Amino acid sequence: MHESAIVGNLITTILEESEKLKSVDEVILELGDLTTYKKEAIEFYYDSMKNHYPVLASSVLIINVIPGEVECLDCKKTSIITEKFMIFCPECNSSNVNIIKGRDFVIKDIKEKQNV
Amino acid sequence: MCEDCGCEVEKENHLEEKKVVNVNKSINEINDHLAHCIWHALKDKEIFCINLLGSPGAGKTTVIEGLSKFISPSEIAVVQGDLESDIDKKRLEESGIYTYQINTHSGCHLNSDMVNKALISMNLEGKKYLIIENVGNLVCPAGVKIGQHMDCVVSSTTEGSDKPKKYPVIFIDASVVIISKSDLIDVVDFDEEMYLRDIKNINPKVRIVKTSKKDASSFKELAHVLEHKREHVLGHSHKH
Ligand SMILES: Nc1nc2c(ncn2[C@@H]2O[C@H](COP(=O)(O)OP(=O)(O)OP(=O)(O)O)[C@@H](O)[C@H]2O)c(=O)[nH]1
Ligand SMILES: [Mg+2]
Ligand SMILES: [Zn+2]
């Protein structure tokens, strides 16, 4: 549902950043597992909106989902959480943790394939 | 023959090169930058900014009304985010609270641009608290920065005690969770023990406060908690 707005932002940024490319073929994204955005919904809206922009028409999104990761303030270890939204240290069970990964949605790279 | 394009070059010799633009930008970068500016501008003015979140009808406006019995209404400014109408603005003005109404029309949450535009046209002289009542919604406003110093989620007993499990994202950033309509705990069989356990799994550091419209004094503890959080944020430099 609200992914339609975020895909609008995504397309704006891709268009700005890809000025030097003839066409956009792949867009590499990192999507945090602890955000409100769903991978499938982003793909759905992107595929229906990209055709309005010739430079994006043949592009695909490659979305890497980044699991939640915590840094434990007690045992100092960093770990991927064992279950989505269970925010504690899997090593020592402490709840005294900071979430260090899984909260962001980032555009990493935009690629153009060049056939020589 | 190359299977991909039909050219005469053997697959192995078919040079496929990619031009790459390394972007490395958050999709919310523009919003987050403006939110950062609002965060600092309000801190410099010693105005503590609270993002008040919760479902439609959770009791967000009632909480602000309740607080105004323990924090002077003259020290509170409110930004009201609703899809339509200025009903909540009128309600708060009856309690003597300075309120600015934003109508998002179809927008399911506030963003920092909307808040910034509101702040530009508001007079915050003498205010200690800016409470932003976000659009009633447990999903879309989660994680969207609007310049707030803290998130406060209003979660009413009538919504059921399974909400932390079903809508964890809204609870993850909350500094304070208000269990509102606590007068109805027994009426709706609200399982408080389970609720507290589930919420601590998602957000172990959260402070939980119970309020009831039927008991004006229940907002006193909340007022104290907010005062404390205000001093903590405004007294410490550049930590967010
Ligand atoms: N019994 C009881 N009713 C409450 C309490 N708090 C709020 N209500 C009622 O719940 C309804 C919604 O309260 P509001 O404060 O308008 O809720 P809101 O979250 O601001 O609603 P929206 O802005 O429309 O999303 C009203 O009819 C209130 O009278 C409470 O503590 N106990
Ligand atoms: Mg309201
Ligand atoms: Zn640990």
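Report follows, based on the coordinates. (Residues numbered from 1 in each chain as written. Chains lettered and ligands numbered in written order. Predicted model: local features only at pLDDT ≥ 70, side-chain atom pairs only at ≥ 80, totals over all residues. Heavy atoms only, no water.)

The number of helices and strands found in chain A is two helices and six strands. From first element to last, N terminus to C terminus, chain A shows the α and β order α-β-α-β-β-β-β-β. The globule rule puts the C-alpha radius of gyration for 116 residues at 13 Å, and the 18 Å found for chain A is more than 25% above it. Along the longest, intermediate and shortest principal axes, the C-alpha atoms of chain A span 50 × 35 × 20 Å. Going through the 116 residues of chain A one by one, you find that 43% of them count as buried. Sequence separation of at least 24 residues holds for 70% of the intrachain contacts in chain A that already meet a minimum separation of 6. Surface accessibility of chain A: about 6,000 Å² in total, with carbon and sulfur atoms responsible for 50%. Positive and negative side-chain charges of chain A, numbering 13 and 19 respectively, have mean locations separated by a distance of 2 Å. (Helix = DSSP H or I, 4+ residues; strand = E, 2+ residues; numbered from the N terminus. Rg over C-alpha atoms; globule rule 2.2 N^0.38 Å. Buried < 20%, exposed > 50% of the residue type's maximum accessible area, 1.4 Å probe, protein only. Contact = heavy atoms within 4.5 Å. Areas by Shrake-Rupley, 256 points an atom, 1.4 Å probe, with all protein chains shown as cover. Lys, Arg positive; Asp, Glu negative; His and termini not counted. Charge placed at Lys NZ, Arg CZ, Asp CG, Glu CD.)

Residue and element names in this part refer to chain A. The three strands lie next to each other as β4-β3-β5, forming an open sheet whose pairing is antiparallel. Looking at strand neighbours, the two that pair on one side only are β4 (78-80) and β5 (97-101), the edges of this open sheet. With direction set aside, neighbouring strand axes in the sheet form an average angle of 35°. Examined bridge by bridge, strand β3 (residues 69-72) and β5 share four bridges and lie antiparallel to one another. Within β5, the position partnered with glutamate 69 by the bridge is lysine 101. (Pairing = 2+ DSSP bridges. Axes fitted to C-alpha atoms, helices over the stretch in contact; angles between N-to-C directions.)

A few words now on empty space enclosed by the protein. All names here are of chain B. Tallying each qualifying case throughout the model produces one cavity of 30 Å³ or more. Contributing to the lining of the largest cavity are Ile50, Leu52, Val63, Ile64, Leu67, Ile131, Cys152, Ile178, Leu222 and Leu226. The element contributing the most residues to the lining of the largest cavity is helix α2 (residues 60-67), with three residues. Among the residues making up the lining of the largest cavity, the classes are represented as ten nonpolar, no polar and no charged. (1 Å grid on protein atoms, 1.4 Å probe; cavity = no way out; pocket = protein on both sides within 12 Å on 5 of 7 lines; lining within 4 Å. Points joined across faces, edges and corners; volume = space filled by probe spheres on them. Nonpolar A, V, L, I, M, F, W, Y, C, P; charged D, E, K, R; others polar.)

Turning our eyes to something else, we now look at the pairing of strand β8 (residues 207-210) of chain B. Residue and element names in this part refer to chain B. Note: strand β7 (residues 174-180) against β8, four bridges, orientation parallel. Its bridge partner lying in β8, valine 176 is registered against arginine 207. Following the chain from β7 across helix α7 (residues 192-202) to the adjacent parallel β8, one finds a crossover that is right-handed. (Right-handed = clockwise from strand over helix to strand, strands pointing away.)

Another point: the coordination of the magnesium ion (ligand 2). Six octahedral donors around a metal ideally sit at 90 or 180 degrees from one another, while four tetrahedral donors ideally sit at 109.5 degrees. Residues and elements named next belong to chain B. Distances from the magnesium ion (ligand 2) to its protein donors, namely Thr61 (OG1), Asp88 (OD) and Glu133 (OE), fall within the range 2.0 to 2.2 Å. Counting gaps between the donor residues of the magnesium ion (ligand 2) yields the pattern T-x26-D-x44-E. Taken together, the positions of threonine 61 in helix α2 and glutamate 133 in strand β5 (residues 129-133) put the pair 72 residues apart, joining distant regions of the chain. (Donors = N, O, S within 2.8 Å, 3.2 Å for Na, K, Ca; no water.)

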